[in-house]
Every structure is written in structure tokens, then in C-alpha cells.
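# Fold and geometry: a report
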Amino acid sequence: MVEAEPVGPHHTPLREQFEALGQQREADTLGMWVFLSTEILFFGGVITSYMIYRSLFAPAFHIGSGHLDLVSGTAMTVILLASSFTMALSVHAAEHGLRRRLMLCLALTLVLGLAFLGLKAHEYYHVYQERLVPGSRFHLEGPHAREVQLFMMHYFIMTGMHALHMIIGAGMLIFLITYAARNTYKNYTVEICGLYWHFVDIVWLFLFPLLYLFELRTR
Amino acid sequence: MSTHPHLHRDDPKDYLHCEYGIRSWLFTTDHKRIAILYLVSITLMFFVGGAFATLVRLELITPQSDLLQPETYNRMFTMHGIVMVWFFLIPSIPAVLGNFLIPMMVGARDLAFPRINLLSWWLFTASGVFVLITIFIGGVDTGWTFYTPFSTFYSNSYAVAAALAIFINGFSTILTGLNFIVTVHTMRAPGMTWLRLPLFVWSNYATAVIMVLATPVLAITLLLVGIERVFRVGIFDPALGGDPILFQHLFWFYSHPAVYIMILPGMGVVSELVTAFSRKRIFGYHFVAFASMAIALFGFLVWGHHLFVSGQSLYAGLVFSLLSYLVAVPSAIKVFNWTATLYKGSVLLATPMLYALAFIGLFTMGGLTGLFVAALGVDVHVHDTYFVVAHFHYIMVGGMVTAYMGGLHFWWPKISGRMYPEGWAKIAAGLIFFGFNLTFFPQFVLGYLGMPRRYATYPPEFQVWNVLSTAGASILAVGYVVPLFYLFWSMRYGKIAPRNPWRASGLEWEEADSPPIKHNFEEVPTVTKEAYHYHEGVRLG
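Residues numbered from 1 in each chain as written. Chains lettered and ligands numbered in written order. Predicted model: local features only at pLDDT ≥ 70, side-chain atom pairs only at ≥ 80, totals over all residues. Heavy atoms only, no water.

## Focus: the overall build of chain A
Here is the rule: Secondary structure elements are taken from DSSP: a helix is a run of H or I of four residues or more, a strand is a run of E of two residues or more, and numbering for both begins at the N terminus. Buried, partly exposed and exposed residues are distinguished by accessible area as a fraction of the type maximum, computed with a 1.4 Å probe on protein chains only: under 20%, between the cut-offs, and over 50%, respectively. Accessible areas in this description were obtained via Shrake-Rupley with a 1.4 Å probe; residue shielding takes into account the shown protein chains only. When charges are tallied, Lys and Arg are placed among the positive residues and Asp and Glu among the negative ones, while His and the ends of the chain are skipped. The location of each charge is read from NZ of Lys, CZ of Arg, CG of Asp or CD of Glu.
Helices and strands together make up the secondary structure of chain A, namely 7 helices and 0 strands. If you list the helices and strands of chain A from N to C, you get α-α-α-α-α-α-α. With respect to the principal axes defined by its C-alpha atoms, chain A has extents near 70 × 30 × 30 Å. Out of the 219 residues in chain A, the part that is buried amounts to 50%. Split by element, the accessible area of chain A, about 10000 Å² in all, is 69% carbon and sulfur. Averaged over its 14 positive side-chain charges, chain A has a centre that lies 7 Å from the centre of its 16 negative ones.

Here it is as C-alpha cells:
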């Protein structure tokens, strides 16, 4: 459909269903927003479930939260916020046609995203070593053990879903970097991918206090 | 590959004949061809679901369990529900008629994202394959609602396979909804303001909003069920501190709005049919349009009426009951406005109009009995009885399937370029109307007398009503098979359809050929008139 078109940093081919570039951009952007609204409800379901159990079993969830590493969780939050900043810089660079800066900022975003995933993987390993992964190997002494398992289950589902979205986002960044290197990027695609990246960050900004900051309130 | 995308529009050949070969269908991005792909897929699934219903009705001729073992019977009604809800009703009007018509009705060459549209169909097909595999390895016996902890711990059937099928199916629905929303917002032709949109577009827009906002909750809920079942950990299991009622809340937070996915598009079809065959502008356009949005909104606030006897608090029950009554208001507005449109119209009783009139009557019955079950006290009496079964079949089959049949006949000349045989079509419509009522009216009686749903056996005094119901189902089955034959027949032998055989308003009739060219219009039309401008005369095209 568009392969034969000339390419360049500001060139965005018009797909055949659209009348004008402005319309295409509007449609693509709205498409991402609608998709993100779906995502809110997707995470909303499991967050609701978590909130209900947290209010039902506050002591157990307190214990569960205590087994998570607050320092590592805080570090992950800082890293993600920084990656949102570099993503915003990428969008700015793309809009102004600053290709080298675009590549640099996208690469930084990717590195920060991967650093987040690395810390997450480390944390999973830590939980695994403590035998807190729900299932037959789960082992914890104390009266609330069964509800702690419920906490860990929600921890894995919520952060697992989030990590999956991060991995998809990282893949997206790799594509954007390749396009930027070949000088074939569309100037608003970066912005649309940015919307997704920021959304995934915002999800984490809900998950972090819900899962990690249980302890602080009672200190 | 053309270097200039607009060259396609000069191609004089219609969308059915512009390309040939299986690949030109399976990998098409033309919304009209994708609509045909959906039409074929869901017709297949309709008859699969119908086969399960047939077995259920045959088993219920006698009070004992003789044709099917109770375990098999449980799988039959479950698979009937799963196939009909997710593989026929939800995609029916949106994915077939909506896909075909929405771009044309708003004056666009295609949906906003044609390739995502194709992806929707492929996801639907993948999920369909999964559900067929589930059937062949033995099916599911949990009921289409997958209530926990039965579905997660005790059922010996293939709940995970079925949940996976529905999970994938959900993404197909979400992507269709996303495409419709973006198309209606950004692809309208010059002059096509929001308040000039045909009501079919309004109702599908409202449907799309529900698809996008409700379906992800089902996805995460089924994911939780799958995780609990596979890893044997407690989320909804009381033995591990989980709460089965939470499952019901999450499930119905999706599934009650999903009921409106299964009726709103039908209402859109009926608005088109009633105006076209009364030759009048719709009575109260704004009210009908905004009633669709109101139903979509209220639909998210009433899920708790499925939990009246599940252990939900009485106060929650009272609020949900009250909110459920609220849904009756926009629904009644629509029925009154259709009726008022008929008043002093020049009514033509062609087949689509017969279906539209049947819809109005049957939907009214389904809706009014909905008020019975929304009342806390009455619901305790009829909960989980055949009264509920009859109620939702009056909406789903009497409403949605009837509207789908009406819409399919109405737009068949546009889709196929041929007229269907009117005589046969009227006979089929009559069989469906009579067969439907004979099948489901006795079930109201049975339910009120106390026959519970989902049992293979029943006390002998209920037999006469069950035999009547099964007799009706056999007439209904004939009524659904007949159109399959004559619609196929008409594709080759039917009278060639003119551009606007019904002299109906709307861009798809006035500005597009029958069948339309690949990009729908020779050039994008400019809209200068309101919808349903029958009083000004309609351009025949």
C-alpha cells in the first residue's frame, strides 16, 4: 500500500481510507486513547479484587506487603518516572525532527524500562526463594498464612500484567529506534507510543502504593 | 501496489468482483468483505449453538433423563449458552451489519483501522476454533456463567479451554468496538454531523462503548478463574479465604452490560426499518439517539440484580433493583417512538417490516417481564426458573435475532446485489414468529409454576408445557433453516437489485451501488439533509 512512497523524517503516508493527514492523525491518536480506556478497566478488575481482599484481610496483607522490598520498589518507581521523562523528550524530539536526540531519548527510555524489568525479575526471584509463590510450595508460619497467599497471588497477577505491558512497550521502543535509525519514522507515531508508555507508568503509580506502602502508614 | 491510493476508487467493479481467490477474502481489509467473513462464521456458530438447543429441547420432552445423561445435559445447555452469547449474539449485528454499514452510513471509504478489523475477525476465528475444540474434547458443564468455586475446583469438564476461547473472543469484540468508536468520531463525511447520523450508527456507537469498557473486565475475570483452576490457588475459593461472590460481581459487571451489546444494535436496525417502511421521519430522533447512550450508561450500574439471592446485602439489592427499573425508561422511549413513527405512516408490510414489528412486540414482552425479575420480591420467587430463561430469550431471540433477520433481509440487496424471494421470506418470518412464541411463552408459565432451569429432569405435571415448548422449537428451527436456503439461492437466481429498492434514506442507499464498489462511493458524499428525510422525498440514486 505505501512501500513505494518516498520516506523522510516528516513524511507520513496517507492510508487509503483517510481523506487527509490530520484526519489520520486524529484517528490514530483516538484509537490509542480508546485502547487505553479498555486497559483501565482490565487493570481495574484485578485492582478491585485486591482492594476488597485488602479491606477484608488487612493484617494478612500487611504481613504480605512486609515481605516485599520497599527500597527496590521505590527504585523501580524512580526508574519508571525517569523513563516517562525521557519518553516525553522523545516525543518532543520527534515533533521537531531532531533525529539523533530522538534516538538517544528512545534508547534511554528502553534502558530504563529494561532496568525496571530487571529489578522486577530480581524481586520475583527473592519472593520465590522465600517460598512465598502461591501454590503447593508456598510456605509461611503464622495464623494469617492462607490470606498472605491471597496477597501474593494478587501481587503476582498485578505486577505480572504490568510487566507484560512493559515488555510490549520495550518491543515498541525497539521498533521506534529502528525506524528512527532508518529515518522512516512517522512524526506522530512516537507520540502515540508515548501515550502507551505513560499509561503503563501510571498503572505502576497505582500498584506501588497499593502493594508496597502498606507498612508506612502504621510506622 | 499503486503509488497513489486514490486510484482504487475509479475501479468500476463492485466489492464482490474486484478481486477473486481465497486469499482476497481471508486477507481482505475491505470492511464489506470482512462483514461477509463474519456472516459466514456466525451463521456456522448459530447452527452449532442451535444443535445444542435442539438436544436440550429433545431431552425435555419427557420428565425423566432418557435421551441425555444429566452430566451430558449440563454440557449441552452450557455449550448452547457459550456459543450463542459470544459466538453469535455479540458479533451478530455489530460485526456483520455494523461492519458492512457503518462506514457507508457515515460516508467513509472504510473503517478507521481496516487491518485491525481483519485482526478482529482472525481473533474471532481463532476463538471459534478453540470453542469447537472444547466441544469435541467434551465440553463444559459450568453454565455459560462459570460460577466459582464449581468452575475452578469441582467441575470435571474443560473450563480452561472454554475460558481461553472466550478470552480471545473478547479481544476481537474490543477491537471491533474500538474501530467503530474511532470511525464515528473521525471518519464522518462533510456535513454528516452527529445529529444527522442514522440511528443504527448511534446504537452501534453506544454498543461499541460497552464493548470497550466492559469486555476487559471479563478478560481479567476469566484470567483469574484460569489461574485459580490451573495453579490451584485461591482467589475465589472460600477454602483459601477467597470470595465466590466477588466472582459474580466481576462477571456480571461485564455480563450485564453485555446484555445491552446483545440488544442495542437490534434497536438500531429497527429504527431504520420502521422509518423506511412507514415512509416517515423517526418520531423524536434525539430521544431515540440519546436513549441508546442512556441504556449504555445505565447498563453499567445494574449488575447486582443478578445477585439478589447470592448473599449480597439487602441494601445493595434495593439500590440495584431501583437502578434496574431505570433501564426501562430509555427502552420504553424507544418503543413509544417507533410506535409513534408508525402512526399515520404509509406502512408497507415487506419482510423486514414484519421482523421489525415482531421485534417491537417481543421486545416489549421481554422488557416488561424484565421488570418482574428486577423486583426483589418477585425475583426470589422466579429466580433460576424458566421464567428467567423465557425473559432473556424474548430479548435475545425475540429481540436481537429477529432484528438481525430483519436487517439481513433489508440490506441483503445491498450486500449481495440480489433481491431475496419475498414469498418465501414472509413464510419464514411467520414460522419464526409463531415458533418462537410457542417455544418460549410456555416457559414463562413453567417458571412461574416453579420449574427450575438447568435440570435434565422435572416433575411429570410440567410435561405438557415442555412438549409445547419443544414443538415450538421445531417450528422455529424450520423458520431459521428456510432463509439459509433461499438467501443462498438468491445470490445466483434472485432478481438483480436496483441501487435503492426500498426507496429508503441513508447514504448506503442513495449514494452507493448495489453491491457497492470497493471504496463504497465514487466520491465522498457531502451531506446536506437530516437522517430519514422521507417527507422531502428520497433520492433514488
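The discussion continues.
## Considerations on the packing of aromatic side chains
Residue and element names in this part refer to chain B. The criterion, for reference: Any two of the Phe, Tyr and Trp rings considered here, Trp counted by its six-membered ring, make a pair once their centres fall within 6.5 Å; the pair's planes then place it as stacked at under 30 degrees, edge-to-face at over 60, or tilted in between. Think of it as a cone above the ring: NZ of Lys or CZ of Arg counts as a charge over the ring if it is within 6 Å of the ring centre and within 35 degrees of the ring normal.
Applying the stated criterion across every chain, the model contains 56 aromatic pairs over all chains. Pairing Phe253 with Trp303 gives two aromatic rings, centres 5.3 Å apart and planes at 75°, and the pair type is edge-to-face. Taken together, the residues Phe253 in helix H8 (residues 244-261) and Trp303 in the loop between helix H10 (285-299) and helix H11 (314-342) connect sequence positions 50 residues apart. In textbook terms, an aromatic cluster arises when at least three aromatic residues are bridged by ring pairs, as seen for Trp86, Trp144, Tyr147, Phe236, Phe247, Phe251 and Trp252. Above the ring of Trp25, the side-chain terminus of Arg33 is found at 4.1 Å from the ring centroid.

## Comments concerning the interface of chain B and chain A
Heads up, the rule is: Note on definitions: a residue-residue contact is assigned when non-hydrogen atoms from the two residues lie within 4.5 Å. The quantity reported as buried area is the accessible area (1.4 Å probe) lost by two parts once they are put together, taken as the sum for both. A pairing counts as a salt bridge when a side-chain nitrogen of Lys or Arg comes within 4 Å of a carboxyl oxygen of Asp or Glu.
Contact with chain B, which involves 45 residues of that partner, is made by 37 residues of chain A. For the pairing of chain B and chain A, the buried interface totals around 3400 Å² over both sides, and the portion due to carbon and sulfur atoms is 69%. Of all residues in chain B, Thr186(B), Ile220(B) and Leu246(B) give up the largest surface area on contact with chain A, accounting jointly for 14% of the area buried on that side. For the interface between chain B and chain A, the tally reads 1 salt bridge.

## What about a nonpolar patch on the surface?
Residue and element names in this part refer to chain B. The line we're drawing: Patch definition: residues above 30% relative accessible area lacking any salt bridge, with like charges linked at up to 9 Å and the nonpolar side chains Val, Leu, Ile, Met, Phe, Trp and Tyr linked at up to 5 Å.
A contiguous nonpolar surface patch, about 490 Å² in accessible area, is contributed by Val129, Phe130, Ile133, Ile137, Tyr158 and Leu164. Here the element with the most residues in the nonpolar patch is helix H4 (residues 114-137); it accounts for 4 residues. By relative accessible area, which is 43% here, Ile133 ends up partly exposed.

## Side note on unusual backbone geometry
All names here are of chain B. Along the chain, Thr148 connects to Pro149 via a cis peptide bond; the corresponding omega equals -5°. On the secondary structure map, Pro149 appears in the loop between H4 and helix H5 (150-154). Unlike most non-glycine residues, Arg454 shows phi in positive territory, near 65°. Position of Arg454 among the secondary structure elements: in the loop between helix H15 (422-449) and helix H16 (463-493). Non-glycine residue Tyr532 carries a positive phi angle of around 60°. Here Tyr532 shows up in the segment after helix H17 (507-510).

## Re helix H2 (residues 58-66) of chain A
To be explicit about the condition: Arc definition: directions from the helix axis to the C-beta atoms.
Taken together, the buried positions of H2(A) are Ala60(A), Phe61(A), Gly64(A) and Ser65(A). Along H2(A), the residues classed as buried sweep out an arc of 135° about the axis, all on the same side.

## Here's the deal with the environment of Leu111(B)
Tracing the chain through its elements places Leu111(B) in the loop between helix H3 (70-106) and H4. When its relative accessible area of 0% is taken as the criterion, Leu111(B) is described as buried. As for Leu111(B) and Phe100(B), which are separated by 11 residues in sequence, their C-alpha atoms are 9.5 Å apart. Not counting the four nearest positions on each side in its chain, Leu111(B) is found in contact with Gln17(A), His31(B), Asn99(B), Pro103(B), Asn117(B), Asn179(B), Phe180(B), Thr183(B) and Met187(B).

## Comments concerning the packing of helix H2 (residues 31-59) of chain B against helix H14 (residues 386-416) of chain B
Residue and element names in this part refer to chain B. Defined as follows: Think of each axis as a best-fit line through the C-alpha atoms, taken over the contacting stretch in the case of a helix, with angles from 0 to 180 degrees between the N-to-C directions. Each helix crossing is assigned a hand: it is left-handed if the near helix lies turned anticlockwise from the far helix by less than a right angle, otherwise right-handed if that turn is clockwise. Three classes are used: nonpolar for Ala, Val, Leu, Ile, Met, Phe, Trp, Tyr, Cys and Pro, charged for Asp, Glu, Lys and Arg, and polar for all others, with Gly counted as polar.
Between H2 and H14, whose axes approach to 14 Å, the crossing angle comes to 150°. Pair H2 / H14 crosses with left-handed handedness. In this structure, H2 contributes Ile36, Leu39, Ile42, Phe46 and Arg57 to the contact, and H14 contributes Tyr386, Val401, Tyr404, Leu408, Trp412 and Ile415. A breakdown of the residues in the contact of H2 with H14 according to their chemical character gives 10 nonpolar, no polar and 1 charged.

## Remarks on the side chain of Gln17(A)
As a reminder of what qualifies: Counting of polar contacts relies on pairs of N or O atoms within 3.5 Å, with two restrictions inside protein: one atom must be capable of donating a hydrogen and the other of accepting it, and residues adjacent in sequence are counted only when both atoms are side-chain atoms.
As for its position among the elements, Gln17(A) is in the segment before helix H1 (21-56). Residue classification places Gln17(A) among the buried positions, given a relative accessible area of 5%. Within the local environment of Gln17(A), its side chain forms a polar contact with the backbone oxygen of Ala112(B), the two atoms lying 2.8 Å apart. The contacts of Gln17(A), once residues within four sequence positions are left out, are Arg109(B), Asp110(B), Leu111(B), Ala112(B), Phe113(B), Pro114(B) and Met187(B).

## A few points about the confidence of the model for chain A
We apply this condition: Along the chain, pLDDT gives the predictor's confidence residue by residue, from 0 to 100.
In this model, chain A carries a mean pLDDT of 90, and residues with pLDDT of at least 70 account for 92%. Across residues 1-9 of chain A the pLDDT falls below 50, and counting only partners more than four positions away or on other chains, this stretch makes 18 contacts in the model.

## Focus: the state of the cysteines
Residue and element names in this part refer to chain A. Let me state the cut-off plainly: Cysteine sulfur pairs qualify as disulfides if the two atoms are within 2.5 Å.
Scanning all chains against the criterion turns up 0 disulfides over all chains. Here Cys105 stays unpaired: no disulfide links it, and the sulfur of Cys193, its closest cysteine neighbor, is 15 Å away. By relative accessible area, which is 5% here, Cys105 ends up buried.

## Brief notes about the confidence of the model for chain B
Residues and elements named next belong to chain B. Confidence in the prediction for chain B averages 94 pLDDT; 97% of positions are at 70 or higher. Mean pLDDT across the elements of chain B ranges from a minimum in H5, with 88, to a maximum in H15, with 98. In this model, residues 1-11 is a region of pLDDT below 50 whose contacts with residues beyond four sequence positions or in other chains number 22 contacts.

## Regarding the pattern of salt bridges
This structure, assessed with the given rule, holds 10 salt bridges over all chains. Here Arg109(B) ties to Glu19(A) by a salt bridge, and the two come within 2.5 Å at their closest N and O atoms. One end of the pair, Arg109(B), is in the loop between H3 and H4; the other, Glu19(A), is in the segment before H1, on a second chain. Judged by relative accessible area, Arg109(B) falls into the buried class, the value being 3%. Note that Glu147(A) is salt-bridged to Arg146(A), the shortest N-O span being 3.3 Å. Here Glu147(A) falls in the buried class, since its relative accessible area comes to 10%. Given the relative accessible area of 38%, Arg146(A) is considered partly exposed.

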